[in-house]
Amino acid sequence: QVQLVESGGGLVQAGGSLRLACADSGRTFHSYAMGWFRQAPGEEREFVAAIRWSGDVTVYADSVKGRFTISRDNAKNTLYLQMNSLKPVDTAVYYCARSRSLFSRSPNVQGRAASYDLWGQGTQVTVSS
């Protein structure tokens, strides 16, 4: 059974950095687009970033553009999210997910949670002020 397992969350001060990782236990990681979402308490799940299967095309939510970087290492079956200049509003549980849909450069399209069919369990990121 294919699983996605996130790691790297934690507590950081505002302005700090964290790097999240998402390990895919399957053999087809390199075939699919991948994304990061987040969910704060009492809020809906929010799109953060996505990356094409090849790693050469990325798309970001406006709220993280210029601060977060999504990347992948297909040889290691691992997805990453480098988060810099963190703010208290970035506090949330972060989830990685796999998309079987055709990759779109539009965050409104690529950010639809319904396009993702496999999700990790999440990792908590807390940014203190």
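Calculation rules
- Residues numbered from 1 in each chain as written.
- Predicted model: local features only at pLDDT ≥ 70, side-chain atom pairs only at ≥ 80, totals over all residues.
- Heavy atoms only, no water.
- Pairing = 2+ DSSP bridges.
- Helix = DSSP H or I, 4+ residues; strand = E, 2+ residues; numbered from the N terminus.
- Axes fitted to C-alpha atoms, helices over the stretch in contact; angles between N-to-C directions.
- Buried < 20%, exposed > 50% of the residue type's maximum accessible area, 1.4 Å probe, protein only.
- Lys, Arg positive; Asp, Glu negative; His and termini not counted.
- Salt bridge = Lys/Arg side-chain N within 4 Å of Asp/Glu carboxyl O.
- Polar contact = N/O pair within 3.5 Å; in protein donor to acceptor, adjacent residues only side chain to side chain.
- Contact = heavy atoms within 4.5 Å.

Draft legend 1. Representation of the sheet that holds strand 3 (residues 18-24) within the structure. Taken in spatial order, the 4 strands of this open sheet run 1-3-8-7, and their pairing is antiparallel. The sheet terminates laterally at strand 1 (4-7) and strand 7 (68-73), the two strands that pair on one side only. Neighbour-to-neighbour, the strand axes of this sheet turn through a mean angle of 15°, independent of strand direction. Bridge count for strand 3 against strand 8 (residues 78-83) is 6 bridges, and the pairing is antiparallel. Within strand 8, the position partnered with alanine 23 by the bridge is threonine 78.

Draft legend 2. Structural detail: the side chain of glutamate 6. With respect to the element layout, glutamate 6 can be found in strand 1. No salt bridge forms around the buried glutamate 6; measuring N to O, its nearest opposite-charge neighbour arginine 45 is 7.7 Å away. Polar side-chain contacts of glutamate 6 include one of 3.0 Å to the backbone nitrogen of glutamine 121. From its side chain, glutamate 6 meets the backbone nitrogen of glycine 122 in a polar contact 2.9 Å long. Once residues within four sequence positions are removed from consideration, glutamate 6 is found in contact with Ala21, Cys22, Trp36, Tyr94, Tyr95, Cys96, Gly120, Gln121, Gly122 and Thr123.

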